[in-house]
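# Secondary and tertiary structure notes
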Amino acid sequence: MRVARFSRFVPVSMVLLWMTMAAGLVQATDANPPLQADEQAFLSRAMNDNASQVAMAKLALAKSSNPRVIELANTIIQQRSALSARMAQLLPGSDQQAAPTPSGQAMLEHMQALNGEAFDRTFASAAVRSHCRMISAYEAMKLNASNPALKDFAHDAIPALRGNLTVAMMVLRSSGWTTRHQEALASADAHAGSKAPVFWEPISLVAAPW
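Residues numbered from 1 in each chain as written. Predicted model: local features only at pLDDT ≥ 70, side-chain atom pairs only at ≥ 80, totals over all residues. Heavy atoms only, no water.

## Quick notes on the environment of Asp49
Formally: In this text, helices come from DSSP runs of H or I with a minimum length of four residues, and strands from runs of E with a minimum of two, each type numbered from the N-terminal end. The classification of residues rests on relative accessible area computed with a 1.4 Å probe and restricted to protein chains. Under 20% of the type maximum is buried, over 50% is exposed, and intermediate values are partly exposed.
Structurally, Asp49 is set in helix α3 (residues 37-63). The class of Asp49 is buried, set by a relative accessible area of 7%. For the pair Asp49 and Arg80, spaced 31 residues apart in sequence, the C-alpha to C-alpha distance is 8.9 Å.

If you want it as C-alpha cells, here you go:
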C-alpha cells in the first residue's frame, strides 16, 4: 500500500530521473574500481619519495647559492607537492603518513654536511636518480593500472617529471662535473626515452641499469 501511495504522488518523470542517476552511479563505480594492493603500494611509495625530494629541495634552498640549483629546488617542491595533493585524493590519508624513505633520510643527513659545489652536485644527482626511478614506476602504472583515475594521474604526471629530470641534468652539466657525473648523465639520457618498468630498487646512480 505504501508503494502504491508513493507512486501516486511522485511524478513518473522524477522516478525515472532517480533511476537514471542510480544507474549512472553504478556505472561510475564500475568504471573506477577500488585500488588494488599493488596500486596502493605504488601511491604510498610515491608519496614517500615525494616527501624525500621535497625535504632535499628545502635543504637546497637553505644551503645553495647556485641559481640553477635554486630553480630546480623550487620546481621540485612545486611539482612534488602537487603530485602529493592528487595522490591524497586517490588514496585518502596517504599524505598524513608520508615521510622520507630510509634512503632519502640517509641522503638528507649526508647532504647536511656538504656545502658549495659538492652539495649542488649531490642534490642534482639525487634528483636525477629519483626522477629516473619515478618515471619508470609511473609509466608502468600508466600501462598496467586497472583503476582509470590512477591511469590518468600517472599519464598526467610523467611530462612534469621528465621536465624536472631535464632541469636536474642541466645542473650537472652546468660546470665542473667529473667523469662520474658524465656516466650518470649518460645513464639518465638513455633512460629518458625508455619505458622499462624499473621499481624503487636501491641502485647506484652511476651503475643504474637504465
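## What to know about the confidence of the model for the protein chain
A low pLDDT score tells you not to read the predicted coordinates there in detail. Worth spelling out the cut-off: Per-residue confidence from the predictor is reported as pLDDT, a score between 0 and 100. Only heavy atoms enter the contact rule, under which two residues are in contact if any of them lie within 4.5 Å.
In this model, the protein chain carries an average pLDDT of 77, and 68% of its residues clear a pLDDT of 70 or more. A low-confidence stretch, residues 20-30 (pLDDT under 50), is modelled with zero contacts involving residues beyond four sequence positions or located in other chains. Contacts for the low-pLDDT stretch residues 191-210, under 50 throughout, to residues beyond four places or in other chains number 46 contacts.

## A short note on the side chain of Ser64
Quick note on the threshold: The term polar contact refers here to a pair of N or O atoms within 3.5 Å; inside protein, the definition further demands a hydrogen-donor-capable atom paired with an acceptor-capable atom, and it admits residues adjacent in sequence only when both atoms are side-chain atoms.
Relative to the helices and strands, Ser64 is located in the loop between α3 and α4 (67-90). Residue Ser64 is classed as buried on the basis of its relative accessible area, which comes to 10%. Engagement of the side chain of Ser64 in a polar contact is seen with the backbone nitrogen of Asn66, the distance being 3.1 Å. There is a polar contact of 2.8 Å between the side chain of Ser64 and the side chain of Asp120. Sequence-distant contacts of Ser64, that is, excluding residues within four places in its chain, are made with Val69, Ile70, Phe119 and Asp120.

## A short note on the nonpolar core
The following threshold applies: Here, the term nonpolar core denotes a set of buried Ala, Val, Leu, Ile, Met, Phe, Trp, Tyr and Cys residues that are joined through side-chain atoms within 4.5 Å.
Among the nonpolar cores identified, the biggest contains 48 residues, and Phe42, Leu43, Leu72, Met87, Phe123, Tyr138 and Leu150 are the most heavily contacted of them. The set of elements that each furnish at least two residues to this core consists of α3, α4, α6 (102-112), α7 (116-144) and α8 (148-173).

## Structural notes on the pattern of salt bridges
The test is simple: For this analysis, a salt bridge means a side-chain nitrogen from Lys or Arg found within 4 Å of a carboxyl oxygen belonging to Asp or Glu.
Within this structure, the stated rule accounts for four salt bridges. A salt bridge links Asp49 to Arg80, with the shortest nitrogen-to-oxygen separation between them at 2.7 Å. In this pair, Asp49 is assigned in helix α3 and Arg80 in helix α4, connecting sequence segments 31 residues apart. For the pair Asp49 and Arg80, a shared accessibility class is recorded, and that class is buried.

## A closer look at α8
This is how it is decided: One less than the number of residues in a helix, times 1.5 Å, gives the span that helix is expected to have. Axes are fitted to the seven residues ending at a residue and to the seven starting at it; the angle between these axes is taken as the bend at that residue.
Between its terminal C-alpha atoms α8 stretches 38 Å, which fits the 38 Å expected from 26 residues at 1.5 Å a residue. Where α8 bends most, the angle comes to about 30°, and this point is Ile158, followed within four residues by the proline Pro159. By the N-cap criterion, in which a side-chain oxygen at the helix start approaches the backbone nitrogen of a residue two or three places on, α8 is capped by Asn147, the distance to Ala149 being 3.0 Å.

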